[in-house]
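# Descriptive structure summary
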Amino acid sequence: MNQFPVVDGQLQVGGMPLTQLAARVGQTPFYAYDRQLLRARVGDLRAALPASVKLHYAMKANPMPALVGFMATLVDGIDVASAGELKVALDAGADPHEISFAGPGKRNTELRQAVAAGVLINLESFREVDELARVSDELGLPARVAVRVNPDFELKGSGMKMGGGPKQFGVDAEQVPQLLAKIGEAGLQFEGFHLFAGSQNLKAEAICQAQQKSWELALRLATDAPAPVRFLNLGGGFGIPYFPGEQGLNLRAVGDKLAQLAERTARALPDAQLVIELGRYLVGEAGIYVARIVDRKVSRGQTYLVLDGGLNHHLSASGNFGQVIRKNYPLVIGNRMDAAEKESASVVGPLCTPLDLLADRMELAVADVGDLVVIFQSGAYGASASPQGFLGHPPPLEVLV
Ligand SMILES: *Cc1c(COP(=O)(O)O)cnc(C)c1O
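Think of each chain on its own: its residues are numbered from 1, step by step along the sequence as written. Residues qualify for local features only when their pLDDT is at least 70, as the model is predicted, and side-chain atom pairs are given and counted only at 80 or more; totals for whole chains, interfaces and linings, by contrast, use all residues. Note that the side-chain values use all heavy atoms of the structure and ignore hydrogens as well as water.

Another point: the sheet that holds strand β3 (residues 16–17). Two strands make a pair as long as DSSP finds a minimum of two bridges between them. Going along the chain from the N terminus, every DSSP run of H or I of four or more residues is numbered as a helix, and every run of E of two or more is numbered as a strand. Pairing is antiparallel in the open sheet, where three strands are placed in the order β1-β2-β3. Strands at the two margins of the open sheet, each flanked by one partner only, are β1 (6–7) and β3. One ladder, built from two bridges, connects β1 with strand β2 (residues 10–13); its direction is antiparallel. Residue V6 lies in a different strand from β2, and its bridge partner there is L11.

Written as structure tokens, this is what we have:
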């Protein structure tokens, strides 16, 4: 699980020993994201996926502006989920034509900004059609739209389900024909469909099945569309391994399936471009969280290492961001990688809540005050997905190395 080399007992990050990087950053805690790993991950995807499938980065996984700017040079488009993210994507130099905007509850001001920017808006309600018709008229600009469909199936084995059954996302498949008619009447520029079934899936078979079903559903719905389908976004949901026993996704299997779908698309929907949108899979394994041990204590036989940051910076690693059963993220003492002496220790943050637990009785190198704890698999849903204001501690820094 460890993509970062070790030299003389020190984890190497961005080509330097961890302690040197910490000195360079100037403070702990911090997140570090590795450009080389990001580039390699995109390369692996390009090698496995058919060339005709467009690869988008869903930036809610990690919205750090420098990282989004770097990703924008590697992928074909950026998916945003708020006007705030839209600003970062545009600042990053992403081509507005290849930006798409999804999310329930888009405010009128956000829809107006999206039309002005010329990005593709994934419609999620009938109200958005009315508002976009009004805004498009007012600005004298086309409103580019795709329909986000809430499918009539679920993504099996997914950590977080975001489609199927009743959902706040998208428009139920059975209501889509009515929505398409309304889009036509309102004069919006229809460009395609968007389906996103769920997140953090490690089973290639389940992903393939969801993409197949999404594709078939889109093909059925396309018969009612007011214009040819130009973008068919099949979502993603590719997961990464976090815990012992978890296996990385079989990318080859997913790529082979997408190649089949790409061939069928060329015949059935000749104007359509297949798109997949990935967040976690693109950035998750390229990032680490680094915090310093500020105290070491023993309570009734149990050793505690207390850090200068915890769930206020890294909610996911504490198990409070979508995990059903709390498990330890991969965590090491980054400046004692070769230590022969090990102990069982619990690693906690500085917050006055028992939820602030980063490792529960884990086998670690014997560590002391001043040592650096590293949490791997931290490039996605880290800093921006954590309650940084909770308890008033300073925020973490983020660096791209
Ligand atoms: C969250 C989200 C993603 C990214 O999901 P990952 O599991 O990080 O790949 C992609 N698309 C939509 C619509 C999302 O809401």
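Text resumes after the structure shown.
Regular strands place side chains that alternate from one sheet face to the opposite one. With five of six residues buried, strand β15 (residues 273–278) is to be regarded as a mostly interior element. Relative to β15, strand β5 (residues 54–58) runs parallel, the two being bridged by four bridges. Note that in β15 the partner of H56 across the bridge is E277. Where strand β14 (residues 231–236) lies against β15, four bridges are found, and the strand directions are parallel. When the bridges of β15 are listed, G236 appears paired with E277. Here a crossover is taken to be right-handed if, once the strands point away from the viewer, the path from the first strand over the helix to the second is traced clockwise. In this region the chain leaves β14, passes through helix α9 (residues 251–268) and returns to the parallel neighbour β15; the handedness of that crossover is right-handed. Think of it in three bands: with a 1.4 Å probe and only protein chains considered, a residue is buried below 20% of the maximum accessible area for its type, exposed above 50%, and partly exposed in between.

Right, let's talk about the domain arrangement of the protein for a bit. Source of the domain bounds: an automatic or database domain assignment. In terms of domains, the protein is made up of domain 1 (6–32 + 287–400) and domain 2 (63–278). Between the C-alpha centres of domain 1 and domain 2 there is a distance of 35 Å. Carbon and sulfur atoms make up 69% of the surface buried where domain 1 meets domain 2, a total of about 980 Å² over both sides. The salt bridge definition used is simple: a Lys or Arg side-chain nitrogen within 4 Å of an Asp or Glu carboxyl oxygen. At the junction of domain 1 with domain 2, the criterion picks out zero salt bridges. Polar here means any residue other than Ala, Val, Leu, Ile, Met, Phe, Trp, Tyr, Cys and Pro, which are nonpolar, and Asp, Glu, Lys and Arg, which are charged; Gly is therefore polar. Here the residues of the side of domain 1 that touches domain 2 are counted per class, giving five nonpolar, five polar and two charged. Computed with a 1.4 Å rolling probe, the buried area is the accessible surface lost when two parts are put together, summed over both parts.

All right, on to the packing of aromatic side chains then. Between 30 and 60 degrees the pair is tilted, below 30 it is stacked and above 60 it is edge-to-face, where a pair is any two Phe, Tyr or Trp rings, Trp via its six-membered ring, whose centres lie within 6.5 Å. Within this structure, the stated rule accounts for nine aromatic pairs. Ring centres 5.0 Å apart and planes at 50° place the aromatic pair Y31 and Y289 in the tilted group. Of the two residues, Y31 is situated in strand β4 (residues 30–33) and Y289 in strand β16 (residues 287–299); the sequence distance between them amounts to 258 residues. Y289 carries the same exposure label as Y31, and that label is buried. Pairing F238 with Y281 gives two aromatic rings, centres 5.6 Å apart and planes at 80°, and the pair type is edge-to-face. You can see F238 sitting in the loop between β14 and α9 and its partner Y281 sitting in helix α10 (residues 280–283), a full 43 residues away along the chain. Comparing F238 with Y281 shows no difference in burial state: the two are buried. Among the aromatic residues, those joined into a ring-pair cluster are Y31, Y33 and Y289. Remark: a charge is flagged as sitting over a ring if the NZ atom of Lys or the CZ atom of Arg is within 6 Å of the ring centre and within 35 degrees of the ring normal. The residue whose ring lies beneath K106 is F101, and the NZ or CZ to ring-centre distance is 5.8 Å.

In these notes, a set of buried Ala, Val, Leu, Ile, Met, Phe, Trp, Tyr and Cys residues joined through side-chain atoms within 4.5 Å is what counts as a nonpolar core. Counting residues in each nonpolar core, the largest one holds 106 residues, and the members touching the most others are Y57, M71, I183, F193, L232, F238 and L282. Sort the elements by how many residues they give to this core and helix α8 (residues 204–222) lands first, with nine residues. Here this core spans two domains, and each of domain 1 (6–32 + 287–400) and domain 2 (63–278) adds at least three residues to it. The criterion used for residue contact is that any of the two residues' heavy atoms lie within 4.5 Å. Ignoring anything within four residues of it in the chain, the contact list for M71 reads L38, V42, Y57, L282 and V283.

Once that is clear, we can look at the side chain of E128. Secondary-structure assignment places E128 in helix α6 (residues 126–139). Here a polar contact is taken to be a pair of N or O atoms separated by no more than 3.5 Å, where protein atoms must pair a possible hydrogen donor with a possible acceptor and residues adjacent in sequence count only if both atoms sit in side chains. A polar contact of 2.8 Å, which involves the side chain of E128, links it to the backbone nitrogen of E124. If sequence neighbours within four positions are ignored, E128 has contacts with G103, G105, K106, L111, N122 and L123.

Right, let's talk about the site of the ligand for a bit. If a single non-hydrogen atom of a residue is within 4 Å of a molecule or strand, that residue counts as near it. By nearness alone, 13 residues border the ligand, and K60, S199, E277, R280 and Y381 come closest of all. Between the ligand and S199 there is a distance of 2.5 Å, counted from an oxygen atom to a side-chain nitrogen or oxygen. With respect to the ligand, the backbone of G279 contributes an N or O atom lying 2.8 Å from an oxygen atom. To measure how exposed things are, a 1.4 Å probe is used in the Shrake-Rupley method; for residues, cover is taken only from the protein chains shown. Starting from 390 Å² of accessible surface for the ligand in isolation, the protein chains cover 94%. Going through the elements one at a time, β13 (198–201) and β15 are the ones with two or more residues in the shell around the ligand. Its residues placed into classes, the shell around the ligand shows five nonpolar, four polar and four charged.

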